[in-house]
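Here is how the chains run, residue by residue.
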Amino acid sequence: MQFDDVVLGRRSIRGFLKKPVPKDLIREVLALAMRAPTSLNTQPWNFHVVGGAVLDRIRAGNVQRNLAGVPDSREFRMGPPLGGVHRERQIGIAKQLFAAMGIAREDTAARQDWVLRGFRQFDAPVSIVVTYDRALQGSDIAPFDCGGVVNCLVNAAWSRGLGCVINSQGIMQSPVVRAEAGIPDDQVIQTCVAMGWPDDSFPANAVVSTRKSVDEAAVFRGFDD
Ligand SMILES: Cc1cc2nc3c(=O)[nH]c(=O)nc-3n(C[C@H](O)[C@H](O)[C@H](O)COP(=O)(O)O)c2cc1C
């Protein structure tokens with residue numbers, strides 16, 4: 001695949017085939033992703049690749065705590081609730097996904113089930129929990145570097161036919177993830193990525209999200225025209 005095909009073709013995948021992903025292929029994808037640049041070449045990231053019974057226990061623990069109303073324990077600051085254009089964009093993608101899945105606005109059971117899918121890591125065969133070294137906690141640079149590598153990861157995976165969704169929901173109940181994945185105390189959990197072979201019959205997988213235009217996002221100064 002050419003670069004443009006990967007970047008323009010990639011989209012978040014939230015439904016997966018029940019087909020294992022070879023460990024060597026995951027290693028290949030990680031090696032590509034880790035070519036991402038980092039501040040001072042610190043490479044603060046670590047990847048905890050979980051599947052099988054370990055991932056099933058994480059799914060179960062996440063769902064159980066969510067249904068019990070255990071508060072979110074993400075290991076990073078969320079900031080204030082979204083408003084304005086950001087909230088509009090959040091609603092926009094939710095509407096696209098719910099329309100694709102045929103979930104009506106008033107169908108609270110189906111909406112709750114959709115939320116739980118996120119806590120179940122979208123039933124993917126693999127979840128990659130991304131952490132960074134706690135020695136770097138307190139600076140915003142290490143989370144920034146994790147963002148860089150995760151973007152490379154989802155695109156590298158796509159170039160090999162694998163689908164991913166970056167999944168903040170999956171690490172909301174961080175004690176479960178930390179315990180089951182055996183994440184040491186000297187690492188901070190940043191996010192996780194659900195990965196597997198895309199199920200083309202899963203309607204939400206066809207959703208193409210929108211982007212604001214370059215003219216809205218970019219300002220040019222000091223150019224002749
Ligand atoms: C930091 C981060 C966290 C995300 N968490 C979730 C999540 O918890 N659940 C989900 O369904 N999608 C999640 N996403 C996927 C975004 O919704 C998705 O990337 C966005 O809507 C754009 O769609 P696209 O990836 O198909 O281009 C997350 C993406 C990022 C970058």
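In what follows, the accompanying structure is described.

One side chain can pair with another of opposite charge once the charged atoms of both are near each other. A complete count under the given rule lists eight salt bridges for this structure. As a salt-bridge pair, Glu-28 and Arg-160 come within 2.5 Å of each other at their nearest N and O atoms. You can see Glu-28 sitting in helix 2 (residues 23-33) and its partner Arg-160 sitting in the loop between helix 6 (141-159) and strand 3 (163-166), a full 132 residues away along the chain. Note that Asp-56 is salt-bridged to Arg-59, the shortest N-O span being 3.1 Å.

If you look at the biggest cluster of nonpolar residues, it comprises 27 residues, and the most contacted ones within it are Phe-47, Ile-128, Leu-153, Leu-162 and Met-195. Elements supplying a minimum of two residues to this core: helix 2, strand 1 (45-51), strand 2 (126-133), helix 6 and strand 4 (187-196). Among the elements that make up this core, the one with the highest residue count is helix 6 (eight residues). The residues contacting Leu-153, other than those within four sequence positions of it, are Val-29, Leu-30, Ala-33, Phe-47, Ile-128, Cys-164, Val-193 and Met-195. Counting 15 residues, the second largest nonpolar core, distinct from the first, contains Ile-13, Trp-114, Trp-158 and Ala-204.

Before going further, it helps to spend a moment on the site of the ligand. The full set close to the ligand counts 13 residues, and Ser-12, Arg-14, Ile-166, Ser-209 and Arg-211 are the nearest of them. In the environment of the ligand, an oxygen atom lies 2.6 Å from a nitrogen or oxygen atom belonging to the side chain of Ser-12. Contact with the protein chains covers 66% of the free accessible surface of the ligand, which is 620 Å². Among the residues making up the shell around the ligand, the classes are represented as four nonpolar, five polar and four charged.

Where helix 3 (residues 52-67) meets helix 5 (residues 108-119), the axes come as close as 8 Å, and the angle between the chain directions of the two elements is 135 degrees. Viewed along their axes, helix 3 and helix 5 adopt a mutual orientation that is oblique. Viewed along their axes, helix 3 and helix 5 form a crossing whose handedness is right-handed. Between helix 3 and helix 5, the residues in contact are Arg-59, Asn-62, Val-63, Asn-66 and Leu-67 and Gln-112, Leu-116 and Phe-119, respectively. Residues that form the contact of helix 3 with helix 5 fall into these classes: four nonpolar, three polar and one charged.

When helix 2 is considered as a whole, its buried residues turn out to be Leu-25, Ile-26, Val-29, Leu-30 and Ala-33. One face of helix 2 carries all of its buried residues, which in axial projection span an arc of 140 degrees. Among the exposed residues of helix 2, those pointing more than 90 degrees away from its buried face are Asp-24 and Arg-27. The secondary structure elements touched by the buried residues of helix 2 are strand 1, strand 2, helix 6 and strand 4.

To summarise the sheet geometry, strands pair through backbone hydrogen bonds and adopt either a parallel or an antiparallel arrangement. Reading across from one edge, 1-2-4-3 is the order of the four strands in this open sheet, with antiparallel pairing throughout. In this open sheet, the two edge strands, each paired with only one partner strand, are strand 1 and strand 3. When strand polarity is set aside, the average angle formed by the axes of neighbouring strands in this sheet is 25 degrees. Pairing geometry for strand 1 and strand 2, over seven bridges, is antiparallel. Its bridge partner being in strand 2, Val-50 is matched across the sheet by Ser-127. The strands touched by helix 7 (residues 174-181) are strand 1, strand 2 and strand 4; relative to strand 4, the strand with the most contacts, the crossing angle is about 80 degrees.

Definitions and cut-offs
- Residues numbered from 1 in each chain as written.
- Predicted model: local features only at pLDDT ≥ 70, side-chain atom pairs only at ≥ 80, totals over all residues.
- Heavy atoms only, no water.
- Salt bridge = Lys/Arg side-chain N within 4 Å of Asp/Glu carboxyl O.
- Helix = DSSP H or I, 4+ residues; strand = E, 2+ residues; numbered from the N terminus.
- Core = buried A, V, L, I, M, F, W, Y, C linked by side-chain atoms within 4.5 Å.
- Buried < 20%, exposed > 50% of the residue type's maximum accessible area, 1.4 Å probe, protein only.
- Contact = heavy atoms within 4.5 Å.
- Near = heavy atom within 4 Å.
- Polar contact = N/O pair within 3.5 Å; in protein donor to acceptor, adjacent residues only side chain to side chain.
- Areas by Shrake-Rupley, 256 points an atom, 1.4 Å probe, with all protein chains shown as cover.
- Nonpolar A, V, L, I, M, F, W, Y, C, P; charged D, E, K, R; others polar.
- Axes fitted to C-alpha atoms, helices over the stretch in contact; angles between N-to-C directions.
- Parallel < 35°, antiparallel > 145°, perpendicular 65-115°, else oblique.
- Left-handed = near helix turned anticlockwise from the far one by under 90°.
- Arc of directions from axis to C-beta.
- Pairing = 2+ DSSP bridges.

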